[in-house]
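Inside the fold
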Amino acid sequence: MKKILISLFGAALLGAGALTAIVPAQAQAADSNGSQIATQTKFTTQGDLGVVTTLKATDVYTDNTLSKPTGRTIAKGTRWRYDLIGMETGSMGTYPFAYRIGTNVWIPANAVSPNSYLTEGSVWTKGIVQISNKAGAKVYNDAYAMGTVTRTLPYGSRWQSARAVLDSHGDAITYQVGHTDFVKSSDVVLNPQPGIFTVTRLGAQTMINGVTGTKPLPKNSRWRTFGARYIGGNLSYKIATNTYIFGVYGTWTPTK
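Reading the values: the criteria
Residues numbered from 1 in each chain as written. Predicted model: local features only at pLDDT ≥ 70, side-chain atom pairs only at ≥ 80, totals over all residues. Heavy atoms only, no water. Core = buried A, V, L, I, M, F, W, Y, C linked by side-chain atoms within 4.5 Å. Buried < 20%, exposed > 50% of the residue type's maximum accessible area, 1.4 Å probe, protein only. Contact = heavy atoms within 4.5 Å. Helix = DSSP H or I, 4+ residues; strand = E, 2+ residues; numbered from the N terminus. Pairing = 2+ DSSP bridges.

This part is about the nonpolar core. In a soluble, globular protein the nonpolar side chains are often hidden away together inside. Counting 27 residues, the largest nonpolar core has Tyr 175, Val 183, Tyr 230 and Ile 245 as the members making the most contacts within it. Leaving out residues up to four positions away in the same chain, Ile 245 has contacts with Phe 197, Ala 204, Gln 205, Thr 206, Leu 217, Leu 235, Ser 236, Tyr 237 and Ile 239. The next biggest cluster of nonpolar side chains, apart from the first, holds 13 residues, and it includes Trp 80, Met 87, Ile 101 and Ile 107.

The next subject is unusual backbone geometry. Its identity is not glycine, yet Ala 145 carries a phi of approximately 55°, on the positive side. Along the chain, the position of Ala 145 falls in the loop between strand S12 (137-140) and strand S13 (149-153). Of note, Asn 220 is a non-glycine position whose phi angle comes to about 75°, a positive value. By the secondary structure assignment, Asn 220 is in the loop between strand S20 (211-212) and strand S21 (222-225).

Here we take up the pairing of strand S9 (residues 105-108). Side-chain alternation along S9 places Val 105 and Ile 107 on one buried face and Trp 106 and Pro 108 on a second face that is also buried. As paired strands, strand S8 (residues 93-102) and S9 are joined by 4 bridges and run antiparallel to one another. If you follow Tyr 99 over to S9, its bridge partner there is Ile 107. In this antiparallel pair of consecutive strands, S8 and S9, the connection spans 2 residues, and Asn 104 shows a positive phi of 55°.

Coordinates in, geometry out; function isn't part of it.
Set out below in structure tokens:
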């Protein structure tokens, strides 16, 4: 397996005041006489790759048991790549307890929203991606865009894409543009050719700024499209700024 480079998102860790350490609770089990016997909680680590988003200002620790606070916090709403999950096994079973976002840098699982890359699916397609990043699109040799950068594709160039690699939320991580060549979805526009989307079903849902719209598009209405992307595993067409219609609700026809 190729070495995976783990990098942190956003700014450096922010200083904070004194922290109160989280001490793992001891699971309790009853013996045959009904009395309580303390059972040591077990902590293990599990390999994974993905991104966590902090749900609140989050304390930082140096170990996966969260028993050694650093005295630092990271801000709410920041995103961080992780490479290990700290698992806790107790009386309630085994579940994630902490995520490692850097060397000896761990944050509590209950303070983040995770998005694993290793539970991804692939959608095979015959699409076209156009490089929308003015600095160009880096080409990676792995499907998660965490490996080696082999070259950079120029702004505005178009490339055939055979596959969209999806994360655990069903959103595209990368698009495959060669045998072992992948570009980040954030650097490209999928199917940039203009087209017309015709709504053929009732209850046609849209996504506006990542939130489901409250008013479905009427059946038989027609909409100009300006690109596409995968949302929740569904190919969706852009019909306005930050507004997409799910492709399952109609048909798309390219225009010249």
